[in-house]
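Per-entry structural report
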Amino acid sequence: MARPPDARRRLPPRLPRLRRWRDWQSLAYLVLLPALVAWQWVHGFNPWLYALVLFLTLGIGVIHHNHVHLRMWRGRRMNRLTDFWITLLQGHPTFVFWPAHVANHHRHRHGPKDVARTYRFGGDTNHLWGYLLHPFQAVWVLVPVFFSWLARLRIHHRGAWRYCVAQYALWLASWAVLLALDWRKALLFVIVPQLHGLHWLLATNYLQHAHADGRKTPRKGAPGDTPGSGLNYARNFEGLVNPLLFNIGLHTAHHENPHAHWSELTHLHHTRYRAQVAPVLNEGGLVPYMVRVFVLGAVWPRFRSRSLMPPDSSIT
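Reading guide: rules and limits
The numbering scheme is per chain: residues are counted from 1 as the chain's sequence reads. Confidence filtering applies because this is a predicted model: local features only for residues at pLDDT of at least 70, side-chain atom pairs given and counted only at 80 or more, and all residues used for totals across whole chains, interfaces and linings. Hydrogens and waters are ignored; side-chain quantities use all the structure's heavy atoms. Lines fitted to C-alpha atoms define the axes here, with helix axes fitted over just the stretch in contact, and angles between the N-to-C directions of these axes take values from 0 to 180 degrees. Numbering goes from the N terminus for both helices and strands, where a helix is a DSSP run of H or I of at least four residues and a strand is a run of E of at least two. When an angle is under 35 degrees it counts as roughly parallel; over 145 it counts as roughly antiparallel; between 65 and 115 it counts as roughly perpendicular; any other value is oblique. The contact criterion used throughout is that any non-hydrogen atoms of two residues lie within 4.5 Å. For this scheme, ten residues count as nonpolar: Ala, Val, Leu, Ile, Met, Phe, Trp, Tyr, Cys and Pro. Four count as charged, namely Asp, Glu, Lys and Arg, and the remainder, Gly too, count as polar. Known as pLDDT, the predictor's per-residue confidence is scaled from 0 to 100. Each reported salt bridge corresponds to a side-chain nitrogen of Lys or Arg within 4 Å of a carboxyl oxygen of Asp or Glu. Note on exposure labels: buried denotes an accessible area under 20% of the residue type's maximum, exposed denotes more than 50%, and partly exposed covers the range between, all computed with a 1.4 Å probe on protein chains only. Grid points spaced at 1 Å over the protein atoms alone were grouped into cavities, where a 1.4 Å probe fits but cannot get out, and pockets, open sets with protein on both sides within 12 Å along at least five of seven lines, with lining residues defined by an atom within 4 Å of a point. Grid points are joined across faces, edges and corners, and a volume is the space filled by probe spheres set on the points. Residues adjacent in sequence count toward polar contacts only when both atoms are side-chain atoms; beyond that, a polar contact is any pair of N or O atoms within 3.5 Å, and within protein one must be able to donate a hydrogen and the other to accept it. Whether two aromatic rings pair depends on their centres lying within 6.5 Å, for rings of Phe, Tyr and Trp, where Trp uses its six-membered ring; planes under 30 degrees apart make the pair stacked, over 60 edge-to-face, and the rest tilted. Sitting over a ring, as applied to charges here, requires NZ of Lys or CZ of Arg to be within 6 Å of the ring centre and within 35 degrees of the ring normal. Side-chain atoms within 4.5 Å link the members of a nonpolar core, which is a set of buried Ala, Val, Leu, Ile, Met, Phe, Trp, Tyr and Cys residues.

Right, let's talk about the packing of helix α3 (residues 47–69) against helix α5 (residues 97–108) for a bit. It is the contact of α3 with α5, at a shortest axis distance of 11 Å, that shows an interaxial angle of 70 degrees. By the angle between their axes, α3 is roughly perpendicular relative to α5. In this structure, α3 uses His64, His65, Val68 and His69 to contact α5, whose residues at the interface are Phe97, Trp98, His101, Val102 and His106. Here the contact of α3 with α5 is built from residues that sort into 4 nonpolar, 5 polar and no charged.

Have a look at this one:
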């Protein structure tokens, strides 16, 4: 027997539902990071907990990335609350991924029009100095993109503009309050870890694309079926970084399927894309790669990577 209309109105609201059960890992990171920060704020610095905080800031950046591509919750309210929560934890508004990442990086795929392409700054390099410097170079060219985006939103989409400005206000207010409470603790436990996480977030672009093929190639057929060299714009990492950081290493599969949930990328990588990219772009572990290329490669040339872009190609 159907409920009368007034009875339906009295039903309690549905509980928030995650889009995929694997995002419980994301929620764990989103809760654990502030808990560890709060504990150290009260009880004092602990090197092991601080190291875990620094690691979790990497995870927050990846969660932010994943939440932009595929919203974590099935309801708008929880997704917006998550936007603000990530803004607080990351120390920067979440909206920036739309103009910088979705509208730029995913559209141009490390190509000549990608504003933060790695070979834009000092040539086509892949070394430790380039890795450390790339986030600062990227910020220099991306900040104007953010403000241009905001200016257009203010004219054409005032509601979205207010939403973005509210994220800025929340972030800056959180820093102001914490610095007023205790500026030393705020720097040590909150701001420095946040800056560390933001550096990693921007530096992953260098890890994933430096010495990959950034030339614009004709794309035939569906975007998910690009054969051969058309997929050589990204590097993949297949090690422990993926279960710990939400499959961030499986970059080709993500680029070709940007709306796929991160838990699906392992299957996509192994069944569709791994065999289609240049073998040198399928790395094992992230840390062994960094040690080999950035540390050993600084001394012995045989450990360095080789660019997939020919010397006569335009890299400006």
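Bringing the confidence of the model for the protein into the picture now. Here the protein shows a mean pLDDT of 91. Residues at 70 or above account for 90%. Note on residues 220–228: pLDDT is under 50 here. Beyond four places in sequence and across chains, it has 13 contacts.

For the structure shown, the criterion picks out 6 salt bridges. Here glutamate 264 and arginine 20 are joined by a salt bridge, their closest N and O atoms 2.8 Å apart. A residue pair is termed long-range when its members are at least 10 positions apart, and glutamate 264 in the loop between α10 (251–256) and α11 (265–273) and arginine 20 in the loop between α1 (5–9) and α2 (24–43) qualify at 244 residues. For arginine 20, a relative accessible area of 33% corresponds to the partly exposed category.

This part is about empty space enclosed by the protein. This model, assessed by the stated rule, comprises 3 cavities of 30 Å³ or more. By volume, the largest cavity is sized at about 170 Å³. Residue assignment for the lining of the largest cavity shows that the elements contributing at least two residues are α3 and α10. Per-element accounting of the lining of the largest cavity gives the leading share, 6 residues, to α3. Ranked by the residues each element gives to the lining of the second largest cavity, the list is headed by helix α8 (residues 183–209), at 4 residues. Within the lining of the second largest cavity, the residues separate by chemical class into 6 nonpolar, 3 polar and no charged.

What follows is about the side chain of histidine 269. Locating histidine 269 in the fold gives a position in helix α11. Accessibility expressed as a relative area gives 0% for histidine 269, which makes it buried. A distance of 2.7 Å separates polar atoms of two side chains, one belonging to histidine 269 and the other to glutamate 238. With residues near it in sequence (within four places) discarded, histidine 269 still touches Asn236, Glu238, Leu250, Ala253, Arg274 and Asn282.

Turning our attention to the packing of aromatic side chains. On inspection of all chains with the given rule, the structure shows 14 aromatic pairs. With a centroid separation of 5.3 Å and 75 degrees between ring planes, the pair formed by phenylalanine 84 and tyrosine 163 is classed as edge-to-face. Here phenylalanine 84, found in helix α4 (residues 76–90), pairs with tyrosine 163, found in helix α7 (residues 158–181); they are 79 residues apart in sequence, far enough to count as distant. On the numbers, 6.0 Å between centres and 45 degrees between planes, the contact of tyrosine 168 with tryptophan 171 is tilted. Residue tyrosine 168 and its partner tryptophan 171 are located together in helix α7, separated by 3 residues, close to a single helical turn. Linked through ring pairs, Tyr131, Tyr206, Phe237, Tyr289 and Phe294 together constitute an aromatic cluster. One Lys or Arg, arginine 22, reaches over the ring of tryptophan 21 and ends 5.9 Å from the middle of that ring.

Attention now moves to the nonpolar core. Counting residues in hydrophobic clusters, the biggest one holds 39 residues, and the most contacted among them are Leu30, Ile63, Tyr131, Trp200 and Leu207. Secondary-structure elements contributing two or more residues to this core are α2, α3, α4, α8 and α12 (286–295). Among residues more than four places away in sequence, those in contact with tryptophan 200 are Leu58, Val62, Tyr131, Leu207, Leu245 and Leu286. In terms of nonpolar packing, the next biggest core, distinct from the first, is built from 17 residues, Ala100, Phe121, Cys164 and Tyr168 among them.

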